[in-house]
Amino acid sequence: MKEELFVTARSNALIDPSLHIWTWEVAMYLFLGGLTAGIMVFAATIALLKKDEEAPFAATKLALLAPVVLSLGMTTLFLDLEHKLYVFRFYTSFQVLSPMSWGAWILIVIYPVSILQILSTLRSGYPQASPYVDRFAIGRQVLDWCEANRRQIAMTAIPFGIALGIYTGILLSAFSARPFWNSGVLGPLFLVSGLSTAAALVALVARKHSEKVLFTRFDLGLIAAEVALVALFIINLASGTEQQLTALDSIMGGPYALVFWVLFVGVGLLIPLVLELLEIRGLARRVAIVAPVLVLLGGYVLRQVLIDIGQESNWTKYDTQYNAELLQRLRD
Amino acid sequence: MTRFAMVIDTKTCIGCGDCVVACKTENRVPDGLNRDWIVEATQGKYPQLTTEFRSERCNHCSNATCVTLCPTGASHHWAGTNIVLVDPDMCTGCKACIAACPYDARLVMHPDGYIDKCTFCHHRVGEGLDPACVSSCPTRCMHFGSLDEPSSEVSRLLKTREYKVLSPETGNEPNVYYLI
């Protein structure tokens, strides 16, 4: 056997006995970031597919949610910072090898792109608000220009939305020091999960039946893809290094097994998958609100579980205090 | 890159903890936080047991993932060397570097909020002195110097003695060596 324990006290806050630097703030940010990505992609997709009639909410109103949701996410991210007054430092340099630096700059680009998206359908989506812009000559010109270029704006919003969604996963997977995160599948997984939560959001709040059905169909495909990506993620870790195998134990019968399999896979993926299958067949209409709510919950749980397990997975394992059982282990 | 290394002889280290106290004193490390620590590793089966004491700290990796993943450039290599420092005026306290370190060697400097860590006492190194932990070691099991100079004590020890580094498979190229 081998045991390693601290002789001098090391009780560094947030590190001992195991890393716990990030809590709900970061999980919520990753969730809201993914949701924003999905909102932008779907608003743009509906514009490109010219499905304004079938899906009026997504076509004209949805885009407004992107900067709102993203701002909420950036607020929770800000809450997580320990050195808050120095937050501007994200924007005094660009670190090409740091996904977080890429993310900080992507967030900055997302705002103008999503505002152009909003303006391109402001008159039809928010007729109460558009007169305030139309009152000014420049406002009128901008709205005219955005409406005329709605297609081009949508084609710009899609790659930026995808970049935002995928970055939230790469942010974690780039940490080679955290074996549970160290899988390239996390980028696509977070992107698909973000798209799925946005589709669920539309299915939840849209009023027109044809729109609910369309987005329930979108969501079905995305949930199926997410199930496949979760399987690939587990296969990836299960064929990985010793550290990754140890990290995987936490969901394979370990302390996180219940929350991962029951709350995320069961409640967040499989139950909505079945409910949505029933819905597009015209069944279970009365509980149509349940599936999208569960998808949104599952999207958050995925990030929270990943954040929690990833931090606990590591390369160094020390016993942080004297433990009488260790003596027994030396005899065994 | 000038490579500074610490070479620690586990055969003569007795785990007294003087290096830890010297660091806290020299660098005014706040209560309850530590930039270095001692690990006692016991292997084997009773009564055939072997014990190794290791004074551990930031490994000042040549390929430091904490530097790579820092979004602001606050984590950086000091003056063309492998010594990894954090500039508090650049640090947002996002804690990415804490997660990026496979050795869990970084900490949040409370109450200020920026990230703190072992500096290899670069303020002393710049004056040609050894880090505080090395100079205070009562058994003289700790050695510090440049690996670029073949005649330095650390180069000589690594040429003549068996050694290891912690978790070399991380690919971080750590620069704290343990003589075994």
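Residues numbered from 1 in each chain as written. Chains lettered and ligands numbered in written order. Predicted model: local features only at pLDDT ≥ 70, side-chain atom pairs only at ≥ 80, totals over all residues. Heavy atoms only, no water.

Colleague: I tried to follow the overall build of chain A on my own but got confused; where do I start?
Modeller: Each helix and strand in chain A was counted, giving 14 helices and 1 strand. Counting only C-alpha atoms and orienting by the principal axes, one finds that chain A spans roughly 80 × 55 × 30 Å. A separation of at least 24 residues holds for 75% of the contacts in chain A among residues at least 6 apart in sequence. With 24 positive and 24 negative side-chain charges, chain A shows a spacing of 10 Å between the two charge centroids. (Helix = DSSP H or I, 4+ residues; strand = E, 2+ residues; numbered from the N terminus. Contact = heavy atoms within 4.5 Å. Lys, Arg positive; Asp, Glu negative; His and termini not counted. Charge placed at Lys NZ, Arg CZ, Asp CG, Glu CD.)

Colleague: In this structure, what is going on with the overall build of chain B? I would like to understand it.
Modeller: Across its full length, chain B holds 6 helices and 10 strands. Taken over the C-alpha trace, chain B has a radius of gyration of 16 Å; the compact-globule value for 180 residues is 16 Å, and the two agree within 12%. Its C-alpha atoms give chain B principal-axis dimensions of roughly 50 × 40 × 30 Å. The buried share of chain B, reckoned over its 180 residues, is 61%. Sequence separation of 24 or more characterises 55% of the internal contacts of chain B that already satisfy a separation of 6 or more. A total accessible area of about 7,100 Å² is found for chain B, and carbon and sulfur atoms account for 50% of it. (Rg over C-alpha atoms; globule rule 2.2 N^0.38 Å. Buried < 20%, exposed > 50% of the residue type's maximum accessible area, 1.4 Å probe, protein only. Areas by Shrake-Rupley, 256 points an atom, 1.4 Å probe, with all protein chains shown as cover.)

Colleague: Help me out: how do you make sense of the packing of aromatic side chains in this one?
Modeller: Both the distance between ring centres and the angle between the ring planes are used here to describe each pair of aromatic rings. Residues and elements named next belong to chain B. For the structure on display, the rule yields 16 aromatic pairs over all chains. Centroid distance F120 to F144: 5.1 Å. Interplanar angle 85°. Geometry classified as edge-to-face. Placement of F120 in the loop between β7 (115-116) and α4 (122-125) and of F144 in strand β8 (residues 142-146) is noted, with a sequence separation of 24 residues between them. The pair formed by F120 and F144 is uniform in burial state, with each residue classed as buried. (Phe/Tyr/Trp six-rings, centres within 6.5 Å; stacked < 30°, edge-to-face > 60°.)

Colleague: Explain the nonpolar core to me, please; I cannot follow it from the model alone.
Modeller: Buried together is how nonpolar side chains tend to be arranged in soluble globular proteins. If you look at the biggest cluster of nonpolar residues, it comprises 151 residues, and the most contacted ones within it are A:W22, A:L172, A:F180, A:W181 and A:F215. It is helix α1 (residues 24-49) of chain A that contributes the most residues to this core, 16 residues altogether. A:F180 has contacts with A:F233, A:L237, A:A247, A:L248, A:I251, A:L306, A:I309, A:G310 and A:S313, leaving out every residue within four places of it along the chain. B:L147, B:L158, B:V165 and B:Y177 belong to the second largest nonpolar core, which has 9 residues in total. (Core = buried A, V, L, I, M, F, W, Y, C linked by side-chain atoms within 4.5 Å.)

Colleague: Just to check I follow, could you spell out the interface of chain B and chain A for this structure?
Modeller: Where interface size is given, it is often the accessible area lost as the parts come together that is meant. Between chain B and chain A, the residue contacts involve 53 residues of the former and 48 residues of the latter. When chain B packs against chain A, close to 4,200 Å² is buried across both sides, 56% of that on carbon and sulfur atoms. Counting every contact that joins chain B to chain A gives 4 salt bridges. Taken together, the connections running from chain B to chain A amount to 18 residue pairs in polar contact (both at pLDDT 80 or more). Elements supplying a minimum of two residues to the side of chain B that touches chain A: β2 (37-45), β3 (48-56), α2 (65-69), α3 (96-100) and β6 (107-108) of chain B. Of all the elements, β2(B) adds the most residues to the side of chain B that touches chain A, at 9 residues. When its residues are assigned to classes, the side of chain B that touches chain A shows 26 nonpolar, 17 polar and 10 charged. For strand β1 (residues 2-6) of chain A and β2(B), the ladder comprises 5 bridges, and the chain directions are antiparallel. (Buried area = accessible area lost by both parts, 1.4 Å probe. Salt bridge = Lys/Arg side-chain N within 4 Å of Asp/Glu carboxyl O. Polar contact = N/O pair within 3.5 Å; in protein donor to acceptor, adjacent residues only side chain to side chain. Nonpolar A, V, L, I, M, F, W, Y, C, P; charged D, E, K, R; others polar. Pairing = 2+ DSSP bridges.)

Colleague: What is the right way to read the side chain of B:N82 from this model?
Modeller: With respect to the helices and strands, B:N82 occurs in the loop between β4 (75-77) and β5 (84-86). Of the polar contacts made by the side chain of B:N82, one reaches the backbone nitrogen of B:F4; its length is 2.6 Å.

Colleague: Any chance you could explain the pairing of β8(B) here in plain terms?
Modeller: Two faces belong to every sheet, and in a regular strand the side chains alternate between them. Residue and element names in this part refer to chain B. Burial analysis of β8 places 5 of its 5 residues in the buried class, which makes it a mostly covered element. As paired strands, strand β1 (residues 4-9) and β8 are joined by 5 bridges and run antiparallel to one another. Opposite I8, over in β8, you have M142 as the bridge partner.

Colleague: How do you make sense of the environment of B:A99 when you look at a structure like this?
Modeller: Looking at the secondary structure, you find B:A99 in helix α3. Take B:A99: its relative accessible area is 0%, and that puts it in the buried class. Sequence-wise, B:A99 and B:P174 are 75 residues apart; in three dimensions their C-alpha atoms are separated by 17 Å. Apart from residues no more than four positions distant in its own chain, B:A99 is found in contact with A:L19, A:I21, A:W22, A:F175, A:A177, A:R178 and A:W181.

Colleague: Help me understand the sheet that holds β1(A), please; the structure alone is not making it clear to me.
Modeller: Strands belonging to one sheet form pairs held by backbone hydrogen bonds; the direction of such a pair is parallel or antiparallel. What the 3 strands build is an open sheet, ordered β1(A)-β2(B)-β3(B); its pairing is antiparallel. With partners counted over all chains shown, the strands left at the sheet margins are β1 of chain A together with β3 of chain B, one partner each. Strand-to-strand twist in this sheet, taken as the mean axis angle between neighbours without regard to direction, amounts to 20°. (Axes fitted to C-alpha atoms, helices over the stretch in contact; angles between N-to-C directions.)

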